[in-house]
Amino acid sequence: MNTSGPAAGQGLRLIPFRALRYVPEQVGSLAAVTSPPYDVVVRPDGLHHLESADPHNIVRLILPQAGTAAARHRQAADTLKRWLAEGVLAADPVPALYVYEQRAGDTLQRGVIGALALSPASEGVVLPHEDVMDDVVEDRADLMRAAAAHLEPLLLSYAGDGGPSGATAVIERVVERLPLLTTTTEDGVDHRLWAVTDPTERAEVESDLSHRQALIADGHHRWATYLRLQQEQSAPGPWDFGLVLLVDTARYPLRVRAIHRLVHRLPVAEALRALDGLFRVRSVEGPLPQALDALGAAAAEGNAFLLAGDGGFHLIDHADGELLARTVRADRPAAWRALDATVLHSALLDDVWKVPDAHEHIAYIHAAEAAVEQAERHGATAVLMHPVREDVVRDLARQGVTMPRKSTSFGPKPATGLVLRSLDLDRGTPASRTPRTEP
């Protein structure tokens, strides 16, 4: 793998496209039709909440509900076609790159949305850092194939040089103009979007990115899906590009959070009994924020996890050295072997608890509160994690080493529903009506 970064012209190739966007007059509000990314929605509660927010909420496309997988994907495709025919969604009049801003309190993130040329990890242009689950990729591929659309952008990061020109400089100029849309979602985040159609500005963005290397911050399964669908094609076309949001983290650093595990068929008492002699186990005081502080302090000294689900909090750390030597692969870098996610999956889930890494056994939940609540409701075990540092993630990715699946949660994540990409439209299918610009 190329770990030093691509040469000019061999890096990121970002091209404009005609985005599908909601027509504001046809929906209750833009905020009411947006959603977090599909894998962040807490099911079933969060799914039902979003479905009831507006009959046209994007969750009906990214997480359609039906009796079988084939029926779900067919339903999403039919819904998308119907919304286009009814004018709920419409295509912008000309191809554009899109500047996207998220602001909440002290957090400000800006980036550019476009269609990115796909490349395998071996080319060193787009670096994955996590493994993926084949069944999830297969499901996303079936959905994208049926809908002929990219329904939500991936989050990719790159390091700009802070120069007076380039993608970030264009972004800083564009945000002084009238946006295409503004909305505030229920989590308090303000969102704004602009179209970049000027050929000179687009060329400045594209030239700057052409010698950049990007890290997949969020969306490994969708990127793997893009690559799978591209391989199915016999000729060049819209499947050679994928919908992404690129953020210059030298200017707008990302926030890194943990993704927690919910072990469905493992009560906390049973999980703790199996740890006897293999980990140090201590009860820690709540509430949850205080218990997470205790986890953070323990994680600063080594692998540590917080178990919950029985009304209390149990800190486990100081893993037995012989257990780690026996279960953790020795042919990986030391930084990989020391990851909490590595120890969790190799030692705890695979060996001690003997839990298969399949969706019927383990759920991946971004919010600690939701993980604890679901564990207590269903008699399961929530395994709460401490986030890994971004520099560790990037260093491993540059070595071509992927972390265990769902090891990190980078953010802020782009809201799903503000920008969609139609593959039929990129083939030249005529657009319907055009969303108006909002002040």
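Worth saying up front: this structure is predicted, and the values here are computed from it rather than measured.

Peer 1: It is not clear to me how unusual backbone geometry should be interpreted in this structure. Could you clarify?
Peer 2: With glycine set apart, most residues show a phi of negative sign, and most peptide bonds adopt trans. The omega torsion of the bond from G286 to P287 falls at 5°, within 30 degrees of zero and hence cis. Along the chain, P287 turns up in the loop between β15 (280-284) and α10 (288-299). Positioned with a positive phi, A148 is a non-glycine residue whose angle comes to about 50°. A148 sits in the buried class, given a relative accessible area of 12%. The phi dihedral of H318 falls on the positive side, at around 50°, and the residue is not glycine. Checked against the element boundaries, H318 lands in the loop between β17 (313-317) and α11 (321-327).

Peer 1: Just to check I follow, could you spell out the sheet that holds strand β7 (residues 149-150) for this structure?
Peer 2: Picture the strands of a sheet paired through backbone hydrogen bonds; they go either parallel or antiparallel. What the four strands build is an open sheet, ordered β3-β2-β21-β7; its pairing is antiparallel. Each edge of the open sheet carries a strand with a single partner, namely β3 (89-91) and β7. Packed on one face of the sheet, helix α4 (residues 69-86) meets β2 (19-22), β3 and β7 and runs near 75° to β3.

Peer 1: Teacher, can you tell me more about the confidence of the model for the protein chain here?
Peer 2: For the protein chain, per-residue confidence averages 92 on the pLDDT scale, and 95% of positions sit at 70 or higher. Contacts for the low-pLDDT stretch residues 429-433, under 50 throughout, to residues beyond four places or in other chains number 13 contacts.

Peer 1: Is there a simple way to think about the packing of helix α5 (residues 134-147) against helix α8 (residues 220-231) in this case?
Peer 2: A pair of packed helices is characterised by two quantities: the angle between their axes and the separation of those axes. Across the interface, α5 lies against α8 with an axial gap of 9 Å and an inter-helix angle of 60°. On the basis of the axis angle, α5 is oblique to α8. With respect to the hand of their crossing, α5 and α8 are arranged in right-handed fashion. On α8, the residues that touch D134, V136, V137, E138, R140, A141, M144 and R145 of α5 are H221, R222, A224, T225, Y226, R228 and L229. By residue class, the composition of the contact of α5 with α8 is seven nonpolar, two polar and six charged.

Peer 1: How should I be thinking about the environment of R110 in this particular structure?
Peer 2: The topology assignment puts R110 in strand β5 (residues 107-117). When its relative accessible area of 9% is taken as the criterion, R110 is described as buried. Along the sequence, R110 and Y100 sit 10 residues apart, while their C-alpha atoms lie 5.6 Å from each other. Beyond its immediate stretch of four places on either side in the chain, R110 contacts Y100, E101, R103, I171, E172, V175, R192, V247 and Y252. For R110, the side chain forms a polar contact with the side chain of E101, separated by 2.7 Å.

Peer 1: Explain the pattern of salt bridges here, please?
Peer 2: Where charged atoms from two side chains of opposite charge come close, those side chains can pair. According to the stated counting rule, one finds 27 salt bridges in the structure shown. Salt-bridge contacts for E201 lead to R177; the nearest nitrogen and oxygen are separated by 2.5 Å. Within this pair, whereas E201 is found in helix α7 (residues 199-209), its partner R177 is found in the loop between α6 (167-174) and β9 (181-184), the two being separated by 24 residues in sequence. Owing to a relative accessible area of 8%, E201 belongs among the buried residues under this scheme. Taking the shortest distance from any N to any O, the salt bridge between K413 and D218 comes out at 2.9 Å. Residue K413 is found in the loop between β20 (409-411) and β21 (420-422), and its partner D218 is found in strand β11 (residues 214-218); the two are separated by 195 residues along the sequence. D218 shares its class with K413; the two are buried. Taken together, the salt bridges that share partners define one network made up of E101, R103, R110, E172, R192 and R251.

Peer 1: Is there a simple way to explain the sheet that holds strand β19 (residues 381-384) in this structure?
Peer 2: Taken together, six strands build an open sheet; the order of strands is β15-β17-β16-β19-β14-β18 and the sheet is antiparallel. Edge positions in the sheet fall to β15 and β18 (362-365), since each of these pairs with one other strand and no more. Taken over all neighbouring pairs, the strand axes of this sheet differ in orientation by 25° on average, direction set aside. Bridge count between strand β16 (residues 304-308) and β19: three bridges; the pairing is antiparallel. Looking at β19, one finds that L307 is bridged to V383. Across the sheet, α10 is in contact with β15, β16, β17 and β19; its angle to β16 comes to roughly 155°.

Peer 1: What am I meant to see in the nonpolar core here?
Peer 2: Core analysis: the biggest nonpolar cluster contains 94 residues, and Y22, I113, W223 and L246 have the highest contact counts within it. It is strand β12 (residues 241-248) that provides the largest number of residues to this core, a total of six residues. Contacts of W223, omitting those with residues within four sequence positions, involve L116, A117, L118, S119, V126, L154, I216 and V244.

Conventions we followed
Think of each chain on its own: its residues are numbered from 1, step by step along the sequence as written. Reporting in this predicted model follows two pLDDT cut-offs: at least 70 for local features of residues, and 80 or more for side-chain atom pairs to be given and counted; totals over whole chains, interfaces and linings ignore these cut-offs and use all residues. Each side-chain value is derived from all of the structure's non-hydrogen atoms; neither hydrogens nor water enter the calculation. Secondary structure counts use DSSP, requiring at least four H or I residues in a row for a helix and at least two E residues in a row for a strand, with both numbered from the N terminus. For the exposure calls, accessible area comes from a 1.4 Å probe over protein chains only, and a residue counts as buried if that area is under 20% of its type's maximum, exposed if over 50%, partly exposed in between. By definition, two strands form a pair when at least two bridges between them are found by DSSP. A contact between two residues is defined here by any heavy atoms of the two lying within 4.5 Å. As a rule, the C-alpha atoms of each element are fitted with a line to give its axis, helices using only the stretch in contact, and angles between N-to-C directions run from 0 to 180 degrees. Along the chain, pLDDT gives the predictor's confidence residue by residue, from 0 to 100. Angular relationships are summarised with four words: roughly parallel below 35 degrees, roughly antiparallel beyond 145, roughly perpendicular across 65 to 115, and oblique for the angles in between. Crossing handedness follows the turn of the near helix against the far one: under a right angle anticlockwise gives a left-handed crossing, and clockwise gives a right-handed one. Residue polarity is assigned by list, with Asp, Glu, Lys and Arg as charged and Ala, Val, Leu, Ile, Met, Phe, Trp, Tyr, Cys and Pro as nonpolar; anything else, Gly included, falls into the polar class. Each polar contact in these results corresponds to two N or O atoms within 3.5 Å; when the atoms are within protein, one needs to be able to donate a hydrogen and the other to accept it, and residues that are neighboring in sequence are counted only if both atoms are side-chain atoms. Any carboxyl oxygen of Asp or Glu within 4 Å of a side-chain nitrogen of Lys or Arg constitutes a salt bridge here. In this description, a nonpolar core means a group of buried Ala, Val, Leu, Ile, Met, Phe, Trp, Tyr and Cys residues linked to one another through side-chain atoms lying within 4.5 Å.

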